[in-house]
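Residue-level structural notes
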Amino acid sequence: MKLINITFAISPKNSEDFVAYIKSDFIPALTAAGYYAPLLCCVQNDGAEEAADTLSYALQMRAPNADVHTRFMAEAALEHFRTMAGKWNPDFALFMTELNVIYDGRSC
């Protein structure tokens, strides 16, 4: 099993529109591709002054195997990432981490 984490940084002025897009378009595309248990979180702001200019969100979801993730990245992800960049650049960035799950307490 894979755990995929995508961390997004976005301007607060665009955050409502961004969250709406993630919930209405991106997460349904992920679940249709075979990912499951999506979790969208707003990263806790540490109170730093520069942090007020950016909100960070973490989207985590599981893929039952590497093929689900590889296929989505090859077939659909780029279009979604281009859409996001087109809507919110220059106030938008993302990075993705792919993790191999060693232990998942949810399945015990």
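In short, a report on the structure.

So, how was this worked out
- Residues numbered from 1 in each chain as written.
- Predicted model: local features only at pLDDT ≥ 70, side-chain atom pairs only at ≥ 80, totals over all residues.
- Heavy atoms only, no water.
- Bend = angle between axes of the 7 residues up to and from the residue.
- Helix = DSSP H or I, 4+ residues; strand = E, 2+ residues; numbered from the N terminus.
- Buried < 20%, exposed > 50% of the residue type's maximum accessible area, 1.4 Å probe, protein only.
- Polar contact = N/O pair within 3.5 Å; in protein donor to acceptor, adjacent residues only side chain to side chain.
- Salt bridge = Lys/Arg side-chain N within 4 Å of Asp/Glu carboxyl O.

**Overview of helix α2 (residues 66-88)**
At A76, α2 shows its largest bend, some 55 degrees. Those residues of α2 not exposed but buried are V68, H69, F72, A77, H80, F81, M84 and W88. With a side-chain oxygen positioned 3.0 Å from the backbone nitrogen of D67, the residue opening α2 is N65.

**Some remarks on the pattern of salt bridges**
Opposite charge on two side chains permits pairing when their charged atoms draw close. As enumerated under the stated definition, the model contains 3 salt bridges in all. A salt bridge links E98 to K2, with the shortest nitrogen-to-oxygen separation between them at 3.1 Å. Within this pair, whereas E98 is found in strand β4 (residues 92-100), its partner K2 is found in strand β1 (residues 2-10), the two being separated by 96 residues in sequence. The exposure class assigned to E98 is partly exposed, which follows from its relative accessible area of 42%. By relative accessible area, K2 is classed as buried at 12%. Where D91 meets K13, a salt bridge forms, and the shortest distance between an N and an O atom there is 3.3 Å. Placement of D91 in the loop between α2 and β4 and of K13 in the loop between β1 and α1 (15-33) is noted, with a sequence separation of 78 residues between them. With a relative accessible area of 30%, D91 lands in the partly exposed category.

Geometric values such as these leave the question of function open.
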